[in-house]
Amino acid sequence: MDSALLAQIWDVLSRYVFNVANLQGMLRLSTPVVLAGLCALITDRAGILNIAGEGMILFGAWFAVAGSFFFHSSLAGVMAAILSGLVVGGLFALFSLKFRAHIIIMGIAINIFGNAATIFLTRAVFKQAGAFADPRIVGLGTINIPILKDIPVLGPLLSGYTAIVYLSWILVALTFVFLYRTPWGFHLRAVGEHPEAAATLGINVQAIRFGAVMASGVFAALAGVYLSLGHLQMFTEQMAAGRGFIGMAVNTFGAGEPLGVLLSSFLFGLVDTIGWRLQGERIMPVYFVSMVPYITTLVALTIYTVRQQRRRKAIVDNGVSR
Amino acid sequence: MADMGGLDKSLQPKSARRAGLQRQLRSAAQRSIRIILSILASMVVGSLIMLWYKQNPIQVYIWLFQGAFGSQRAIFISLQRATPLIFTALASMLAFRTGVFNVGVEGQFFVGAIAGTYVGYAFRLPTIIHLPLVLLVSFLAGAAWAYIPTIMRQKLGVSEIITTIMTNYIATFLTSYLVNYPMRGTPTTPETPFVQPTAKLAQFVELPGGLGKGSQAHVGIFIAIALVLVLWFVLKYTKIGYEWRMAGISSRFSQFAGINMDRVFILGMLVSGGIAGLGGAVEIIGVWRKYKDLFATGFGFRGNLAALLGRNTVFGSFVAALFYGSMEAGALGLEWSAGLPRQLIDIAVGLIVFFMAAEGMWDFVASKKGWSLSGLLRRSSGKPQVQGG
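Cut-offs used in this document
Residues numbered from 1 in each chain as written. Chains lettered and ligands numbered in written order. Predicted model: local features only at pLDDT ≥ 70, side-chain atom pairs only at ≥ 80, totals over all residues. Helix = DSSP H or I, 4+ residues; strand = E, 2+ residues; numbered from the N terminus. Rg over C-alpha atoms; globule rule 2.2 N^0.38 Å. Buried ≥ 20, exposed ≤ 12 C-beta atoms within 10 Å, placed from the backbone. Contact = placed C-beta atoms within 7 Å. Nonpolar A, V, L, I, M, F, W, Y, C, P; charged D, E, K, R; others polar. Expected span 1.5 Å × (residues − 1). pLDDT = per-residue confidence, 0-100.

Draft legend 1. Focus on the overall build of chain A. A count of helices and strands for chain A gives 13 helices and 4 strands. Its C-alpha atoms give chain A a radius of gyration of 21 Å, near enough to 20 Å, the size a compact globule of 322 residues would have. In chain A, which comprises 322 residues, the share counted as buried stands at 48%. Pairs at least 24 residues apart make up 74% of the contacts formed inside chain A by residues separated by at least 6 positions.

In structure tokens:
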């Protein structure tokens, strides 16, 4: 290959893919996905199929705006969202674990309910249809990390995001520590892998699962906070836009590991950013750009599942058992 | 899923059949009681919301009822709102029955609608060919859209819950693109040209007699009712219907019994998607007569809820869709008279499903209270109480 072509390829790549603006976009767009991924992860590892993330995100986003609007503080917004996550998660756990409602039916119901309830609340409380924006909603504000922010490339890349972005990374680390370095995490994994065996060891399966679902509610609510208070301070109907489900995909693609969730979310963010960049350059109509995250999810899930099956087949062929 | 229908009755001896009948009657009674209690519970929650709005709940419920059934116009608006829901509810029901969570009915509805619209305006044919062609193409388009997640599930083992949701979003953007660019009929608004007169379903107002003035109810309701009867027959009396039911009860057992599960699942899902697509086209050629961008969101999800509300039976889903549609019609009136957002109905129906699905809640209520209902309710939960399973 001649060097002119290589230079051209590099030129295209650096213009459209690897540049600071894209990587910044990647980190921004991946944040709600990271949190939604953690929401899926914590329940998945406890052996619960939680598809209610979408509804929980919507509640979180709405209550973040409401809290910030009424108490004139973004912290109050975050608190209100976390509270809503605990309540919705608690209700979901109560109905599906204690009252034995079918967990997928419950998830579908929470998602539809969350959508209708947040639209209803927007109309009822703020007298607005479609979206609610107001200068009195206090946004999260950005954090400039001292020293780091002055380093040429790393500064703009790693400094100057809202607190939730950093919080999401910290939560990934904390989830890892929780899962692998604490007895509670050990119990949770045991419950997820073999509930009966865990129960015979004296682990309270119900309590662990209850806790996991509540935690997933908080993660989802934080994803909602980022959507509604992150950049534009507003609540828009259906603003979760499938991120609850993308979170499930990211968790699957990341093999249920916190770091895996983080990295696959970055991949999502990058693909999404490139899509928007292509739209900006009028290479692709906006409708196709909007499809990007969903198509990425389909492709990622397919790749993951096929790879997984091939590995399982290899194990069977070699006569190796786990 | 809670009881998906019993085993084939003809396999049981006569005495067992009589006992079975009694048990069935009792469980039917229990089920209706539970549905009524669920509706009451959600009405109580609804009342609290109305009080918050400083409205008298009893007055609001009267308005709601009047808006749904109070006049000829109200009844026809209810029918109009219910028609697409019957399709999406039946589509959801069939998939759920087969054990597939087709949450993609929404997208299949859209894709069927736009395919039907295209055939509706692009061709000039006599009605007798045109109309069936529109319906056929929309069915095939809905089925084709359902094919992607179906194959991913059956051949690759990817959960259909995520994939069908993803295809919903893709369908929304794809149809938006089509309406905004290649299929756009007018420069001012994103909508297609009108369908040909030969591809329309008549509205009742347009028929001699002029029933249902002020509504856009159309003869598509008869297609919906026919579909109800066909599905009931297929599920009850045909081989594939039997296989669908068995697949939903236990796919592993069905496999052992020699049923080709791949075929059963794929066919079930495709027919489900097809019914959803058919519903989309019927809504277009009956009510709108052209495809407007995002002309009707939420029919798919409401259909999912209606199927759950109808406990995944053909007639249950049908009745639930009628109920849901008429409540929506009533709520449209409420928006005018009481200023209550119509999403109240979605909340209420969501709550009913919540309460109904919560098997254990009824045991809990029954064990705490010494009502005369308690025995009835306690016996109603057929499932063994496994903790943490």
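Draft legend 2. The interface of chain A and chain B, seen in detail. Residue-level contacts link 42 residues of chain A with 39 residues of chain B. For the side of chain A that touches chain B, the secondary structure elements donating two or more residues are α4 (74–98), α5 (103–126), α9 (195–200), α10 (205–229), α11 (243–253) and α13 (286–317) of chain A. Considered class by class, the residues forming the side of chain A that touches chain B number 31 nonpolar, 8 polar and 3 charged.

Draft legend 3. View of helix α12 (residues 314–337) of chain B. In this model α12 of chain B runs 35 Å from its N-terminal to its C-terminal C-alpha over 24 residues, within 8% of the 34 Å that 1.5 Å per residue would give. A positive phi of about 70° marks G339 of chain B, the residue just after α12 of chain B.

Draft legend 4. Broad picture of the environment of F96 of chain B. Residue and element names in this part refer to chain B. Here F96 lies in helix α3 (residues 72–98). A count of 24 C-beta atoms within 10 Å places F96 in the buried class. Note: C-alpha distance between F96 and Q66 (30 residues apart in sequence) is 33 Å.

Draft legend 5. How the structure looks around the confidence of the model for chain B. All names here are of chain B. Across chain B, the average pLDDT comes to 83, with 88% of residues at or above 70. Within chain B, the element-level pLDDT minimum falls on helix α15 (residues 373–380), averaging 43, and the maximum on helix α4 (residues 105–122), averaging 95. Below pLDDT 50 for its whole length, residues 1–10 participates in 14 contacts with residues either more than four positions away or in separate chains. Below pLDDT 50 for its whole length, residues 369–389 participates in 25 contacts with residues either more than four positions away or in separate chains. Note on the complex model: pTM 0.85, ipTM 0.81.

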